[in-house]
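Chain by chain, the residues run as shown.
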Amino acid sequence: MEHRSDSIAARKADLRAQARALLSQAGPERTAAWGLAMAETLTKSELWKQAGAVFCFVSTSREPSTRPLLELALAQGKTLCVPRTGPEGFMEAVPITGLEQLAPARFGLLEPAPGLPALDPGQLDLVIAPCLMATPDGLRLGQGGGYYDRFLPRCRCPVVLLCPAALVERELPTEAHDRRAGFVLTEQGFLSEG
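Here's a quick rundown of the structure. Owing to the predicted nature of the structure, the values given are computational and were not obtained by experimental measurement.

Right, let's talk about the pattern of salt bridges for a bit. Under the criterion given, the structure shown has 5 salt bridges. Put simply, D178 and K12 hold a salt bridge, and the shortest N to O gap is 2.9 Å. With D178 in the loop between β9 (159–162) and β10 (183–186) and K12 in helix α1 (residues 2–43), this residue pair connects regions lying 166 residues apart in the sequence. Residue classification places D178 among the buried positions, given a relative accessible area of 14%. Residue class for K12 comes out buried when judged on its relative accessible area of 4%. Between R180 and D137 there is a salt bridge, with its nearest N and O atoms 2.9 Å apart. Of the two residues, R180 sits in the loop between β9 and β10 while D137 sits in the loop between β7 (133–134) and β8 (140–141), which places them 43 residues apart along the sequence.

Spelled out as structure tokens, the structure:
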């Protein structure tokens, strides 16, 4: 059994390297364009319209830009929560009232200050999560830290993965702790199986 998990870990490492190479070649104009297209689709959906409390990751330059979503959530008066990471893969949802409340933290991510209180993930209406790769039916390959694998089971709301179309795979290696999202959104729109 150990041999199988070693091979899954090796396969995931290979896929992560492929995804990171593609994302680093994409450049900021392309990741901004992806993010804008994804935001236009998502914000027209009922998932977005019905959500009062939205959790959205703060993108890096190598991910589809979430800035349009963050700004729109604030402009529309939604409760905007962003991730704050802690030790041992722990992550919490922290409400912010402006992007100026974000500062560089672990892994070079922009996060809210330690003093701001967190919201119970069970109170969220929508989670917008990152991935390196995804399958059309919502299996995600993340960075490998396990933050979202630990966080998502605490949420009772729809989860949308933002994944460039070039990084959608028919199959991904899976382990027991891997969590599936309900929706995958590319720059071309929502994906659905069959």
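Further remarks concern the sheet that holds β10. Where strands meet in a sheet, backbone hydrogen bonds hold them as pairs that are either parallel or antiparallel. The strand order β3-β2-β1-β6-β9-β10-β11 describes an open sheet built from 7 strands, whose pairing is mixed. Each edge of the sheet is formed by a strand with only one pairing partner; in this case those strands are β3 (91–96) and β11 (189–191). Ignoring which end each strand starts from, the neighbouring axes of this sheet average 30 degrees apart. Sheet topology note: the strand β1 (residues 53–56)/strand β2 (residues 79–85) ladder contains 3 bridges and is parallel. Following the sheet pairing, V54 is matched in β2 by L80. Where helix α3 (residues 67–75) meets the sheet, it contacts β1, β2, β3, β6 (126–130) and β9, and its direction lies at approximately 135 degrees from that of β2.

Cut-offs applied
Residues numbered from 1 in each chain as written. Predicted model: local features only at pLDDT ≥ 70, side-chain atom pairs only at ≥ 80, totals over all residues. Heavy atoms only, no water. Salt bridge = Lys/Arg side-chain N within 4 Å of Asp/Glu carboxyl O. Helix = DSSP H or I, 4+ residues; strand = E, 2+ residues; numbered from the N terminus. Buried < 20%, exposed > 50% of the residue type's maximum accessible area, 1.4 Å probe, protein only. Pairing = 2+ DSSP bridges. Axes fitted to C-alpha atoms, helices over the stretch in contact; angles between N-to-C directions. Contact = heavy atoms within 4.5 Å.

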